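# Survey of secondary and tertiary structure
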Amino acid sequence: MNTVHLHLFRRRAAALAAAAGALLCIAALPGSAAAQASDAERAAAKAALPRVTDLPSHYQPVGEIAGRGPFHAAGGQATSRKDDGSHYHGYDGPGVWAKEPLETRTDGVVYGVEDGHVVSAGYLLRQADLTAGRSFHRLTLRELDFPAPYAFTTDFVPDETSGDHQFLLLWHFLPAAEHGLPSGELPPVETLPDRFTVYACEQYPDDFCPGMGRHYTDLSKPGGRLPNSPGDDGVIYGEAAGKLIFIEYVLGQEDLANGVSWPEMPLHYLPIPPIDNAHVLHFGRPMSLTGRYTVHMYFLPEETYLAWETEPATAP
């Protein structure tokens, strides 16, 4: 990052932090102008999101899920995403997926609604599949024209009747925030603060993971995302050919087995474009709960990055 760019980035970040702190203090006062402005901004942001009527006609209400408000799902039934098997683990996953037919699947997808607008999108995954080390890929977030999400949450959804518990992985498009980029506009890697350094995939040339990309994180923070982690602790950014191509969080498999939920995991600390797709990839030994799941959220189509055996000359 050049000196001028770094200076501007830090000055802007400091100004935003100061403004946010001031607004939090003022907004605590009932009826304050800041609270009213926030409500107005949220309403404006909501109005810009797709309407429920934009969903395909087979999406129908399914009620509330995990205390996140009402949802719509295909056929009016909130079903789980079918897993992609447990015959591979870790970095072998993209190589397996690259050999499979590419098709867009929306099984397990649910859409959160508020005042006639779609305010969140996510997938239901079975807890039993996650404890068994099964993975999931091609979780599309582009069935509708969504902006960049503001945050990511993972909620345990118990089923006391059948015992077939689930997790709701959900991407939130509210509250209002000027954090998004247009679809397909990949940020330069220089936008990362200096605290982010390359790690992982040391076994490959230039630390570039085939079918994924290069990984950056803040190594001074705990590895993975703890359920009570503050801010963006544990966040990972992916890069290829000088452009950021994904954002990622890592969840502990033992926590998933214990029905732990993760509250807000920020996605808005750096400007990112809309997420095209995500995958939930198991790292660890079969039949063990000591592993982890990486949730890679890509800004470009899966068929693009899965084809990378080595780093591309230019990013799309």
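Computed from a predicted model, the values in this text were never measured in an experiment.

Helix and strand counts for the protein stand at six helices and 15 strands. Burial analysis of the protein (316 residues in total) assigns 47% to the buried set. Put simply, 69% of the contacts in the protein that link residues at least 6 apart link residues at least 24 apart.

Turning our attention to the pairing of strand β7 (residues 166-172). Counting buried residues along β7, seven of its seven residues qualify, which places the element largely inside the surrounding structure. In the sheet, strand β4 (residues 117-126) pairs with β7 via seven bridges, with the strands oriented antiparallel. Residue G122 lies in a different strand from β7, and its bridge partner there is L170.

With that settled, consider the pairing of strand β1 (residues 59-64). Two elements, β1 and strand β2 (residues 70-74), share five bridges in a ladder whose sense is antiparallel. Each bridged residue has a counterpart across the sheet, and for G63 the counterpart in β2 is F71. Hairpin connection from β1 to β2: five residues lie between these consecutive antiparallel strands, with A66 at a positive phi of about 55°.

With 87% of its residues at a pLDDT of 70 or more, the protein has an overall mean of 88. Segment residues 1-34 is flagged for pLDDT under 50; beyond a separation of four residues in sequence, or across chains, it makes 18 contacts in the model.

Turning our eyes to something else, we now look at the state of the cysteines. If you walk through the whole model with that rule in mind, you get one disulfide. In this model C201 forms its disulfide with C209; the gap between the sulfur atoms is 1.7 Å. Handedness of the C201-C209 disulfide follows from its S-S torsion of about 110°: it is right-handed. By the burial criterion, C201 is buried, and C209 matches it.

Before going further, it helps to examine the side chain of S229. Turning to its location among the elements, S229 is positioned in the loop between β10 (213-217) and β11 (236-240). Judged by relative accessible area, S229 falls into the buried class, the value being 13%. Within polar-contact distance, the side chain of S229 engages the backbone nitrogen of L226 at 2.9 Å.

Attention now moves to the packing of aromatic side chains. What the rule picks out here adds up to eleven aromatic pairs. Relative to F146, the ring of Y111 lies with its centre 6.0 Å away and its plane at 35°, an arrangement referred to as tilted. Of the two residues, Y111 sits in strand β3 (residues 109-114) while F146 sits in the loop between β5 (136-140) and β6 (151-157), which places them 35 residues apart along the sequence. A relative accessible area of 2% means that Y111 is categorised as buried. With centroids separated by 5.5 Å and ring planes inclined at 80°, the aromatic side chains of F196 and Y237 adopt a geometry described as edge-to-face. A residue pair is termed long-range when its members are at least 10 positions apart, and F196 in the loop between β7 and β8 (197-199) and Y237 in strand β11 qualify at 41 residues. Overall, F196 belongs to the buried group, its relative accessible area being 7%. Overall, the relative accessible area of 2% leaves Y237 in the buried class. Each residue in the set Y59, Y111, F146 and F173 is aromatic and connected to the rest through ring pairs, giving one cluster.

Turning our attention to the nonpolar core. With 68 residues, the main nonpolar core has F152, W171, L267 and M297 as its most contacted residues. Of all hydrophobic cores here, the second largest spans eight residues; its members include A73, V110, L124 and L168.

On to the environment of T154, then. Examined against the element boundaries, T154 turns out to sit in strand β6. With 107 residues separating them in the primary sequence, T154 and S261 have C-alpha atoms 5.7 Å apart. For T154, the residues in contact, after removing those within four places along its chain, are F167, L168, L169, L251, S261, W262 and M265.

With that out of the way, let us pick up the pattern of salt bridges. Tallying each qualifying case throughout the model produces 18 salt bridges. Ionic pairing is found between R195 and D232, a salt bridge with its closest N-O pair at 3.1 Å. Of the two residues, R195 sits in the loop between β7 and β8 while D232 sits in the loop between β10 and β11, which places them 37 residues apart along the sequence. Owing to a relative accessible area of 10%, D232 belongs among the buried residues under this scheme. A salt bridge links E239 to R214; the nearest nitrogen and oxygen atoms lie 2.7 Å apart. In this pair, E239 is assigned in strand β11 and R214 in strand β10, connecting sequence segments 25 residues apart.

Rules of the game
Residues numbered from 1 in each chain as written. Predicted model: local features only at pLDDT ≥ 70, side-chain atom pairs only at ≥ 80, totals over all residues. Heavy atoms only, no water. Helix = DSSP H or I, 4+ residues; strand = E, 2+ residues; numbered from the N terminus. Buried < 20%, exposed > 50% of the residue type's maximum accessible area, 1.4 Å probe, protein only. Contact = heavy atoms within 4.5 Å. Pairing = 2+ DSSP bridges. pLDDT = per-residue confidence, 0-100. Disulfide = S-S within 2.5 Å. Polar contact = N/O pair within 3.5 Å; in protein donor to acceptor, adjacent residues only side chain to side chain. Phe/Tyr/Trp six-rings, centres within 6.5 Å; stacked < 30°, edge-to-face > 60°. Core = buried A, V, L, I, M, F, W, Y, C linked by side-chain atoms within 4.5 Å. Salt bridge = Lys/Arg side-chain N within 4 Å of Asp/Glu carboxyl O.

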